[in-house]
Amino acid sequence: MAGLATAFGSGAMTNSVNEIESAACIFAIGTNTTVNHPVIGLRVKKAVKNGAKLIVANPKRIRLCHFADIWLRQRPGTDVVLLMGMMRVIVDKNLVDEAFVKERCENYEAFKESLAKFDLDFVEKITGVPREQVTAAAEIYATTKPGSILYAMGITQHTHGTDNVLAVGNLAMLTGNVGKPSSGVNPLRGQNNVQGACDMGGLPNVFTGYQSVTDEALREKFGKAWKSSLSPKVGITLMEMLNAAGEGKVRAMYIMGENPMLSDPDITHVRHALESLDFLVVQDIFLTETAQVADVVLPAATFAEKDGTFTNTERRVQRIRKAIEPIGDSRPDWQIISDIATRMGRDDFSYESAEDIFKEIAQLTPQYAGMSYERLEDGGLQWPCPTKDHPGTPTLHIGRFSRGKGRFMPLEYKASVETPDEQYPLVLTTDRNRYHYHTGTMTRRVPGLNILKDQEFVEMNTKDANALKVDDGEMVKVTSRRGEVLARVRVTDDLPPGTVSMTFHFAESPANVLTLPALDPVAKIPAFKVCAVRVEKIVTARTGSSKTRS
């Protein structure tokens, strides 16, 4: 995340997945780990079995809550207040790792002053978490080491998502839980190769390996390798591209492996943006909802039909190997891109294999410089791996941060951009289901998974359901300032009163018709986790009975 140049630069786990089992304390915030990352969730449960303390911070009662020593049920969008309150306790009770802070960090005094605003009365008022629980969680995390923090999109997908992540980093540094096995700040990536996409420069401000496009020496290095003059101008993010398309400032778009017609907020706006383009190309493995509005669809090969590498959430670069030939007219992505570039006049896209491209990656990317297909054969390597004899790096920031010293960041409370009111009295938060993946491009085509879950549900607390006179399984209409969808209700006390949740897997009830396109000002991530909605029971005018549909 761009805002984390303060200490944690790439959004990758600082530590390794297998280290989780040996942590003495695990703080899982904004992550439904057993559902979204079940293998890592199993590691957490093993750690608890081994005696680890587990703190869970989540508005929703998730499976890990049953294993937790403390469950902090903060209101959606109040994570900064909760984390700063915990740090206020740690400072006030003299539980700070003074040696670590003095030797390895900077800007501590300014940060410490900012904690004055976060007394426990204020923290309890804003978050809804009793002060006694905040105190107990802070004491456990500060005194039970090593402590590992796990977080996911429940932290990042807010208009203040960068502040949330900075608060997590502050907490780890304050207690010295960085640069040691089984500690660290560990974001759990939402898809299997998101880390690899970022590593390869899939961000608007960097080349591969997070090398800045504004650095003249780096532009010269890449320009020489690519025989091109490269712009120093930072590009725009996905949501900014869609906004620009809707305004007529972007006229053509090439979308690969992305389905914004289901995955992006305010789908009505997304459709308008895509339909405003003069030319839209979609490259994907199925005819997705986005591909259906494209001018040209290019069929891409699946993971089983191509060679290459994936980089996972712990920075591990692993080989993928072709198991079957591409089906129909599909081709590996790199071949399609190379062919288009050649037809557009380039003569330097004549790669013969995915391995040829990986060799170029290693030549230009310091973190990958010591890697080769041969070295990746036996389980992969974790970057940074700067030389051919380097074993890889399971734990980051041992001895020093990549920027030198970790910088504490003073923070303040910022309310979510959209909060409940009389017209829209409920908070909608989005999450995922164990049986379906992202927009369901693959999993919705698996009959067995559809048996386990074949439709969307609006999860709602018993108190709210009773107020609406809605029974479990009845059809309701969910409305926000951006649109409305129909779905069945699932009544559950896993959610607190005033909060409802939906997944975004189902095109029949697309939750992102409702969600808010407001962005974090630094990372430009949309606020998927908080928007205001109302829920209405569907009643037929003729009979007064609930209206249902198959």
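Now for a description of the structure that goes with this document. All of these numbers come straight from a predicted model, not from anything done at the bench. Chains are numbered independently. Their residues run from 1 in the order of the written sequence. Selection of residues for local features in this predicted model requires a pLDDT of at least 70, selection of side-chain atom pairs for listing and counting requires 80 or more, and totals for whole chains, interfaces and linings are taken over all residues. Values reported for side chains reflect all heavy atoms of the structure, with hydrogen atoms and water molecules removed beforehand.

Going along the chain from the N terminus, every DSSP run of H or I of four or more residues is numbered as a helix, and every run of E of two or more is numbered as a strand. Given the number of residues in a helix, its expected span is that number minus one, multiplied by 1.5 Å. Across its 13 residues, helix H7 (residues 131–143) extends 18 Å between first and last C-alpha, which sits within 8% of the 18 Å expected from 1.5 Å per residue. Looking at H7, one finds that the buried residues are Val-134, Thr-135, Ala-137, Ala-138, Ile-140, Tyr-141 and Ala-142. Each residue gets one of three labels from its accessible area relative to the maximum for its type: buried under 20%, exposed over 50%, partly exposed in between, using a 1.4 Å probe on protein chains only.

In this section: the nonpolar core. Grouped together as the largest cluster of nonpolar side chains are 51 residues, with contacts concentrated most on Phe-27, Ile-29, Leu-72, Met-87, Leu-171 and Leu-174. Of all the elements, helix H3 (residues 79–92) adds the most residues to this core, at 10 residues. Contact criterion: two residues are considered in contact whenever any of their non-hydrogen atoms come within 4.5 Å of each other. Residues contacting Leu-174, with those up to four places away along its chain left out, are Met-87, Ile-90, Val-91, Val-96, Asp-97, Val-101, Tyr-108, Phe-111 and Phe-408. Put simply, a nonpolar core is a bunch of buried Ala, Val, Leu, Ile, Met, Phe, Trp, Tyr and Cys residues held in one set by side-chain atoms that sit within 4.5 Å of each other.

Another aspect to go through is the pattern of salt bridges. Here, a salt bridge means any side-chain nitrogen of Lys or Arg that lies within 4 Å of a carboxyl oxygen of Asp or Glu. Counted by the stated rule, this structure contains 34 salt bridges. Here Lys-524 and Glu-240 are joined by a salt bridge, their closest N and O atoms 3.7 Å apart. Here Lys-524, found in the loop between strand E19 (516–519) and strand E20 (526–527), pairs with Glu-240, found in helix H12 (residues 238–246); they are 284 residues apart in sequence, far enough to count as distant. You can call Lys-524 partly exposed: its relative accessible area is 28%. Classification of Glu-240 by relative accessible area gives partly exposed; the value is 23%. For Asp-348, the salt bridge goes to Arg-346, with nearest N and O atoms at 2.6 Å. Accessibility expressed as a relative area gives 29% for Arg-346, which makes it partly exposed. Salt bridges linked by common partners bring Glu-418, Asp-421, Arg-481 and Arg-482 together as one network.

Mapping Asp-119 onto the fold places it in the loop between helix H5 (108–114) and helix H6 (120–127). One polar contact links the side chain of Asp-119 to the main-chain amide nitrogen of Asp-121, over a distance of 3.1 Å. Counting of polar contacts relies on pairs of N or O atoms within 3.5 Å, with two restrictions inside protein: one atom must be capable of donating a hydrogen and the other of accepting it, and residues adjacent in sequence are counted only when both atoms are side-chain atoms.

Bringing the side chain of Thr-441 into the picture now. You can see Thr-441 is positioned in the loop between strand E14 (426–431) and helix H17 (447–452). A distance of 3.1 Å separates the side chain of Thr-441 from the side chain of Thr-439, its partner in a polar contact. Sequence-distant contacts of Thr-441, defined by excluding residues within four places in its chain, comprise Asn-259, Phe-286 and Thr-288.

Spatial strand order, E3-E2-E1-E5-E6: five strands in an open sheet with parallel pairing. Where the open sheet ends on each side, the last strands, each with one partner, are strand E3 (70–72) and strand E6 (185–187). In this sheet, neighbouring strand axes are inclined to one another by 15° on average, regardless of whether the strands run parallel or antiparallel. As judged from the three bridges shared by strand E5 (residues 147–151) and E6, these two strands associate in the parallel manner. From the neighbouring strand, Tyr-151 faces E6, where its bridge partner is Pro-187. A fitted line through C-alpha atoms serves as each axis, taken over the contacting stretch for helices, and the angle formed by two N-to-C directions is quoted from 0 to 180°. Seen against the sheet, H7 touches strand E1 (25–29), strand E2 (53–57), E3 and E5 and runs at an angle of roughly 125° to E3. A pair of strands is labelled paired if DSSP reports no fewer than 2 bridges between them.

The residue after Lys-145, namely Pro-146, is reached through a cis peptide bond having omega 0°. Checked against the element boundaries, Pro-146 lands in the loop between H7 and E5. The omega torsion across Trp-383 and Pro-384 is 0°, close enough to zero to call that bond cis. Its place among the elements puts Pro-384 in the loop between strand E12 (381–382) and strand E13 (406–407). For His-397, which is not glycine, the phi dihedral falls at a positive 65°.

The next point concerns the packing of aromatic side chains. The geometry of two aromatic rings is summed up by the distance between their centres and the angle between their planes. Any two rings among Phe, Tyr and Trp, with Trp reduced to its six-membered ring, count as a pair given centres within 6.5 Å; such a pair is stacked if its planes are under 30 degrees apart, edge-to-face if over 60, and tilted if neither. Tallied over the full model, the rule gives 14 aromatic pairs. Relative to Phe-401, the ring of Phe-100 lies with its centre 6.3 Å away and its plane at 85°, an arrangement referred to as edge-to-face. Of this pair, Phe-100 sits in helix H4 (residues 98–104) while Phe-401 sits in the loop between E12 and E13, and the two are 301 residues apart along the sequence. This pair shows no difference in class: Phe-100 is buried, exactly as Phe-401 is. With centroids separated by 6.2 Å and ring planes inclined at 70°, the aromatic side chains of Phe-122 and Tyr-413 adopt a geometry described as edge-to-face.

Turning our attention to the environment of Met-442. With respect to the secondary-structure elements, Met-442 resides in the loop between E14 and H17. Distance in space between the C-alpha atoms of Met-442 and Ile-285 is 8.8 Å, their sequence separation being 157 residues. Met-442 has contacts with Ile-285, Phe-286 and Tyr-437, leaving out every residue within four places of it along the chain.

What follows concerns the layout of surface pockets. A 1.4 Å probe that fits but cannot get out identifies a cavity on a 1 Å grid over protein atoms alone, an open set with protein on both sides within 12 Å along at least five of seven lines counts as a pocket, and a residue lines either if it has an atom within 4 Å of a point. Grid points are joined across faces, edges and corners, and a volume is the space filled by probe spheres set on the points. In this structure, the second largest pocket encloses a volume near 760 Å³. For the second largest pocket, the lining is made up of 29 residues, of which Asn-36, His-37, Pro-38, Val-39 and Asn-192 are closest to its centre. Listed by contribution, the elements that provide at least two residues to the lining of the second largest pocket are helix H1 (33–36), helix H2 (38–49) and strand E11 (316–320). Ranked by the residues each element gives to the lining of the second largest pocket, the list is headed by H2, at four residues. Side-chain classes follow a simple rule in which Ala, Val, Leu, Ile, Met, Phe, Trp, Tyr, Cys and Pro form the nonpolar group, Asp, Glu, Lys and Arg form the charged group, and the remainder, Gly included, forms the polar group. Residue composition of the lining of the second largest pocket, grouped by class: nine nonpolar, 14 polar and six charged.

Turning next to helix H16 (residues 354–364). Within H16, the full set of buried residues consists of Ala-354, Phe-358, Ile-361, Ala-362 and Leu-364. Tucked into the core, H16 has its buried residues touching helix H11 (216–226), strand E10 (308–311), E11 and helix H15 (333–343).

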